[in-house]
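Architecture and fold: a report
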Amino acid sequence: MATKIDKDACREAYNQVRDDNTEINWASFIYKDSMIISGGQGTDYEEFKSQCKDDVRLYGFVRITTGDAMSKRAKFTLITWIGEKVSGLQRAKISTDKTLVKDIVQNFAKEFMISDIRELDEDYIRTELKKAGGANYDAQAE
């Protein structure tokens, strides 16, 4: 059966993360049978990480504040989590299903595909986003 997505709920979650007037900094999109639905959103990155279990596949849209001494800015990332115990068929469907998510989640600086919980470390994600962000003035004296 072809996967579908709850566009309205997922778009609302996406917009909450992008909104500078909310504290929401992550949203997850999870599978319920053959439907991708909003899996929740929150302000604590550890809460997002706790959803990433060995038998789960999900997508996360995360806001991380990056920058240097000269400027701070919000950067966004799309994380595809594939747990180690996810079946081969479900793994294969991730690439085609991700296009449904990307129809909603269109603005992000970097994309990650992760199956090792250690790679979900917030500092690692922040460092990778910083590299993708261009100029870094941290080395200059303040």
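This text follows the structure it describes.
First, a word on scope: everything that follows refers to the structure included in this document. All values reported here derive from a predicted model rather than from experimental measurement.

Analysis parameters
- Residues numbered from 1 in each chain as written.
- Predicted model: local features only at pLDDT ≥ 70, side-chain atom pairs only at ≥ 80, totals over all residues.
- Heavy atoms only, no water.
- Salt bridge = Lys/Arg side-chain N within 4 Å of Asp/Glu carboxyl O.
- Helix = DSSP H or I, 4+ residues; strand = E, 2+ residues; numbered from the N terminus.
- Buried < 20%, exposed > 50% of the residue type's maximum accessible area, 1.4 Å probe, protein only.
- Core = buried A, V, L, I, M, F, W, Y, C linked by side-chain atoms within 4.5 Å.
- Contact = heavy atoms within 4.5 Å.
- Right-handed = clockwise from strand over helix to strand, strands pointing away.
- Phe/Tyr/Trp six-rings, centres within 6.5 Å; stacked < 30°, edge-to-face > 60°.

1. Here's the deal with the pattern of salt bridges
All told, the structure shown has nine salt bridges when counted by the stated rule. The salt bridge partner of Asp-123 is Arg-126, with a shortest N-O separation of 3.6 Å. Taken together, the residues Asp-123 and Arg-126, both in helix α4 (residues 122-132) and three residues apart, mark about one turn of the helix. Classification of Arg-126 as partly exposed rests on a relative accessible area of 27%. In the salt-bridge network here, residues are joined through shared partners; they are Lys-98, Lys-102 and Glu-111.

2. Digging into the nonpolar core
Among the nonpolar cores identified, the biggest contains 20 residues, and Phe-29, Ile-36, Tyr-59, Phe-61, Val-101 and Val-105 are the most heavily contacted of them. Of all the secondary structure elements, the ones that give two or more residues to this core are α1 (7-18), β2 (26-32), β4 (57-67), β5 (72-82) and α3 (88-102). The biggest single contributor to this core is α1, with four residues. Within the second largest apolar cluster, 14 residues are counted, among which are Trp-26, Phe-48, Cys-52 and Leu-129.

3. Comments concerning the side chain of Thr-3
Here Thr-3 is to be found in the segment before β1 (4-5). Residue classification places Thr-3 among the buried residues on the basis of a relative accessible area of 13%. Leave out the neighbours within four places in its chain, and Thr-3 touches Tyr-31, Ser-34, Ile-36, Lys-93, Asp-97 and Leu-100.

4. Some remarks on the pairing of β5
In terms of residue burial, β5 counts as a mostly covered element, since eight of its 11 residues are buried. The parallel pair β5 and strand β6 (residues 110-114) is bridged by α3, and the resulting crossover is right-handed.

5. With respect to the packing of aromatic side chains
Counting across every chain of the model gives six aromatic pairs. Here the aromatic rings of Tyr-14 and Phe-61 are separated by 4.8 Å at their centres, their planes lie at 50 degrees, and the arrangement is tilted. On the criterion of sequence distance, the pair formed by Tyr-14 in helix α1 and Phe-61 in strand β4 is long-range, its members being 47 residues apart. A single burial state applies to Tyr-14 and to Phe-61, both of which are buried.

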